[in-house]
Amino acid sequence: MMFRRVSKIAIRRTGVRSVANWAYLSKTVGPSVSEAQTMVDEMQAEISKAPMKVPEIDWKDWEGKVGKAAVTKVKEFWEKKWLAEMKPSSTVTVGAKEIEELKQNCAAAIADAQELEDWHRLRLRELEVEMAKIKDEINNIETLDVNDMAQRYPHINQRVDKEIEEGIYFKP
């Protein structure tokens, strides 16, 4: 319980908000992104409801509810064990330097991913052009003469010239 409250406060203080580009994700991933966006928005709404400061425990009020003996034991554990030993060993603090480093790492990762996506889109376009050429050649292969074939496929022309020189074929 305490951890959730502290994490909510930490998130509110650091000003972390959604940085997802929902329009871009919807375009690339599809309509299933709207469900994730709804979940993220609901989580952010819940986080924004958290108090800025964790209220102090009202020990007197609890004594009236559950009894002085129980409150004394809980208070003793709280002050001597939790606050003195357990909390400091489990608390993680993130400074401005670490936050800035994380932001830079995220920005670099996003830039790398965008560069990779751009390269793949370009490569996909190149492959589409090559496929169109091959389809055109399949449909028009019968109409090509020897000179067109030699021009279009120079590596085959070199091989044929070599085989003519070796005497496998005769020049017409």
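Cut-off values and rules
Residues numbered from 1 in each chain as written. Predicted model: local features only at pLDDT ≥ 70, side-chain atom pairs only at ≥ 80, totals over all residues. Heavy atoms only, no water. Helix = DSSP H or I, 4+ residues; strand = E, 2+ residues; numbered from the N terminus. Buried < 20%, exposed > 50% of the residue type's maximum accessible area, 1.4 Å probe, protein only. Contact = heavy atoms within 4.5 Å. Areas by Shrake-Rupley, 256 points an atom, 1.4 Å probe, with all protein chains shown as cover. Salt bridge = Lys/Arg side-chain N within 4 Å of Asp/Glu carboxyl O. Patch = residues over 30% accessible without salt bridge, like charges linked within 9 Å, V, L, I, M, F, W, Y side chains within 5 Å. pLDDT = per-residue confidence, 0-100. Axes fitted to C-alpha atoms, helices over the stretch in contact; angles between N-to-C directions. Parallel < 35°, antiparallel > 145°, perpendicular 65-115°, else oblique. Nonpolar A, V, L, I, M, F, W, Y, C, P; charged D, E, K, R; others polar.

A. Quick look at the overall build of the protein. The helix and strand inventory of the protein stands at 8 helices and 0 strands. Along the chain direction, N to C, the helices and strands of the protein fall in the order α-α-α-α-α-α-α-α. Across the 172 residues that make up the protein, the buried fraction comes to 8%. Once local pairs closer than 6 in sequence are excluded, the contacts in the protein between residues at least 24 apart make up 52%. Accessible surface for the protein amounts to roughly 14,800 Å². Of this, 60% is attributable to carbon and sulfur atoms.

B. Region of the structure containing the pattern of salt bridges. Overall, the coordinates contain 8 salt bridges when judged by the stated rule. For Asp61, the salt bridge goes to Lys65, with nearest N and O atoms at 3.2 Å. Here Lys65 and Asp61 lie together in helix H4 (residues 59–66), a separation of 4 residues that amounts to about one turn. When its relative accessible area of 55% is taken as the criterion, Lys65 is described as exposed. Across the salt bridge formed by Arg121 and Glu117, the nearest N and O atoms sit 2.7 Å from each other. On the criterion of helical spacing, the pair formed by Arg121 and Glu117 is a turn pair, its members being 4 residues apart in helix H6 (residues 96–140).

C. Structural context of a nonpolar patch on the surface. A contiguous nonpolar patch, built from Ile57, Trp62 and Val66 and spanning about 280 Å² of accessible area, is present on the exposed surface. Along the polypeptide, Ile57 turns up in the loop between helix H3 (33–48) and H4. A relative accessible area of 35% means that Ile57 is categorised as partly exposed.

D. Focus on the confidence of the model for the protein. Overall, the predicted model of the protein reaches an average pLDDT of 81, with 87% of residues at or above 70. Per-element confidence in the protein ranges from a low mean pLDDT of 50 for helix H1 (residues 2–14) to a high of 91 for H6. The model gives residues 1–6 a pLDDT under 50, and that stretch makes 3 contacts with residues more than four places away or in other chains.

E. Just the side chain of Glu117, in detail. The buried category is assigned to Glu117, whose relative accessible area is 19%. With near-sequence residues (within four places) excluded, Glu117 lies in contact with Tyr24 and Thr28.

F. Examining the side chain of Glu137 more closely. For Glu137, the location among the structural elements is in helix H6. If we skip the residues at most four places from it in the chain, Glu137 touches Arg152 and Tyr153.

G. A look at the packing of H4 against helix H5 (residues 68–90). Contact pair H4 / H5: the axes reach a minimum separation of 7 Å and the direction vectors enclose 140°. Looking at the two axes, H4 sits oblique to H5. Of the residues in H5, those in contact with Trp59, Trp62, Glu63 and Val66 of H4 are Lys68, Ala70, Val71, Val74, Lys75 and Trp78. Of the residues contributing to the contact of H4 with H5, the split by class is 7 nonpolar, no polar and 3 charged.

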